[in-house]
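Close look at the chain arrangement
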Amino acid sequence: MKKILKLLMMFVVALALTGCVKVRCQIDITDKDDANINMAVLFEKEMLDTYQMSQDDIKSQLQEEGNFKNWEIKDVSETIDGEKYLGFNATAPKEVSKNILESLTVEGDQYTLKLEGSDLNSTMDINEFEQLGYSTDKLEEMGVEFSIKISMPGKIKSSTLGEVKDDVVTIGLKDFEKLSDDVKIVSEVSESSSNTGLIIGIIAVIVVIGAGAFYNFQKIIWNKSR
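Residues numbered from 1 in each chain as written. Predicted model: local features only at pLDDT ≥ 70, side-chain atom pairs only at ≥ 80, totals over all residues. Heavy atoms only, no water.

1. Brief notes about the overall build of the protein chain
The criterion, for reference: Helix numbers and strand numbers start at the N terminus; a helix is a DSSP run of H or I with at least 4 residues, a strand a run of E with at least 2. Whether a residue is buried, partly exposed or exposed follows from its accessible area with a 1.4 Å probe, protein chains only, as a fraction of its type maximum: under 20%, in between, or over 50%, in that order. In what follows, a contact means two residues having at least one pair of non-hydrogen atoms within 4.5 Å. Only the protein chains shown count as cover for residues, and the accessible areas themselves come from Shrake-Rupley with a 1.4 Å probe.
Looking only at helices and strands, the protein chain has nine helices and 11 strands in total. Taken over 226 residues, the protein chain has a buried fraction of 38%. Within the protein chain, contacts between residues separated by at least 24 positions form 65% of all contacts whose residues are at least 6 apart in sequence. Within the structure as shown, the protein chain displays about 13300 Å² of accessible surface, and the carbon and sulfur contribution to it stands at 50%.

2. What to know about the pattern of salt bridges
Quick note on the threshold: The rule for a salt bridge is simple: a side-chain nitrogen of Lys or Arg has to be within 4 Å of a carboxyl oxygen of Asp or Glu.
Taken as a whole and judged by the stated rule, the model has 10 salt bridges. A salt bridge links E72 to K74; the nearest nitrogen and oxygen atoms lie 3.4 Å apart.

3. Side note on the sheet that holds strand β10 (residues 168-172)
Put simply, the rule reads: Strands are treated as partners if at least two bridges between them are detected by DSSP. Axis definition: a line fit to C-alpha positions, over the contact stretch in the case of helices; interaxial angles, taken between N-to-C directions, run 0 to 180 degrees.
With mixed pairing, seven strands are arranged side by side in an open sheet as β3-β4-β2-β1-β7-β10-β9. Edge positions in the sheet fall to β3 (72-80) and β9 (163-165), since each of these pairs with one other strand and no more. The mean inter-strand angle of the sheet, taken between neighbouring strand axes irrespective of direction, is 20 degrees. As paired elements, β9 and β10 share three bridges and run antiparallel to each other. In the sheet register, K165 faces β10, and the bridge partner there is V168. Sitting on the sheet, helix α3 (residues 55-64) touches β2 (34-44), β3 and β4 (83-91), and the angle it makes with β3 is about 140 degrees.

4. Some points on α3
Here is the rule we go by: Here the arc refers to the set of directions running from the helix axis out to each C-beta atom.
Among the residues making up α3, those that are buried are Q55, I58, K59 and L62. Looking straight down α3, one finds its buried side chains confined to an arc of 95 degrees; they lie on one side.

5. So, the nonpolar core
Put simply, the test is: Think of a nonpolar core as a cluster: buried Ala, Val, Leu, Ile, Met, Phe, Trp, Tyr and Cys residues, connected wherever their side-chain atoms sit within 4.5 Å.
One finds I29, F88, L113, I148, I150 and M152 to be the most contacted residues of the largest nonpolar core, which totals 47 residues. Leave out the neighbours within four places in its chain, and I29 touches D34, A35, I100, L101, L104, L113, S151, M152 and P153.

6. Regarding a negative patch on the surface
The test is simple: Exposure above 30% relative accessible area and the lack of any salt bridge qualify a residue for a patch; like charges then connect within 9 Å, and the nonpolar side chains Val, Leu, Ile, Met, Phe, Trp and Tyr within 5 Å. Charge convention: Lys and Arg are scored as positive, Asp and Glu as negative, and His as well as the terminal groups of each chain are ignored. Note on charges: their place is set at NZ of Lys, CZ of Arg, CG of Asp or CD of Glu.
On the surface, E130, E140, E141 and E177 cluster together to form a negatively charged patch. For E177, a relative accessible area of 43% corresponds to the partly exposed category.

7. A word on the pairing of β10
Where strand β7 (residues 145-151) and β10 come together, five bridges link them in antiparallel fashion. For I148, the partnering residue across the bridge sits in β10 and is I171. Connecting β9 to the next strand, β10, in antiparallel fashion are two residues, including D166 with a positive phi near 55 degrees.

8. Focus: the sheet that holds strand β11 (residues 183-188)
Spatially, β5-β6-β11-β8 is the arrangement adopted by the four strands of the open sheet, whose pairing is antiparallel. Two strands close off the open sheet at either side, each with one partner strand: β5 (104-107) and β8 (155-159). This sheet shows a mean twist of 20 degrees between the axes of neighbouring strands, independent of strand direction. Relative to β11, strand β6 (residues 110-115) is paired through six bridges, and the arrangement is antiparallel. Note on β11: the bridge partner recorded for Y111 is S187.

9. Observations regarding the pairing of β2
β2 sits mainly inside the fold: eight of its 11 residues count as buried. The hairpin turn running from strand β1 (residues 21-31) into β2, its antiparallel successor, is two residues long. Pairing geometry for β2 and β4, over seven bridges, is antiparallel. Within β4, the position partnered with M39 by the bridge is A90.

10. Comments concerning the side chain of Q55
Let me state the cut-off plainly: Think of a polar contact as two N or O atoms within 3.5 Å of one another; within protein, one of them needs to be a possible hydrogen donor and the other a possible acceptor, and neighboring residues in sequence only count if both atoms come from side chains.
Inspection of the secondary structure puts Q55 in helix α3. Side-chain polar atoms of Q55 contact the backbone oxygen of V76, separated by 3.1 Å. Leaving out residues up to four positions away in the same chain, Q55 has contacts with D75, V76, L86 and G87.

Shown next, in the form of structure tokens:
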């Protein structure tokens, strides 16, 4: 997890210097043994043109420094509020994404993810930004976007930081103002949700069998009527 936060911190510095960068990290914990991490980083095209930089320049520099070694990196572009942004989407290799599982504990049907507040604070230290004259309000006015989205097995029951919506926890820029302790996210897999796939499968089999029986019945009636 610390390696992921270190990468995020690298882009946070860019946020303070330019205000033209959007960083979105998606962490999907699929079960107690597997997780996927994707990071999207977008730079305002006008800023890249000003510094005569391209997407390839950024990717090459990151890979040379070893921060994104073995990551799968793809170019992306997006128009936000009428402005064109260029950047990349990076998918972490399994040896990196599984690091998040070190912070996960599982007891029965309950999953608990505990992120150390000191690690998160080192990624986005609001006090340091304020010392530079950048409040979170000002950063948002400049177009800064920074978010970490986390999904876990089952239904998210609680999170001590961020917003829970559609079973995804979103930790945004302003949430770091409230960060004072470790972040604890709890999800629970209910028996009904775990059996949903099985139920759907059974229904599908019944439909197929029923359709077959109806077809054979119609065929028998047609043959007898001849």
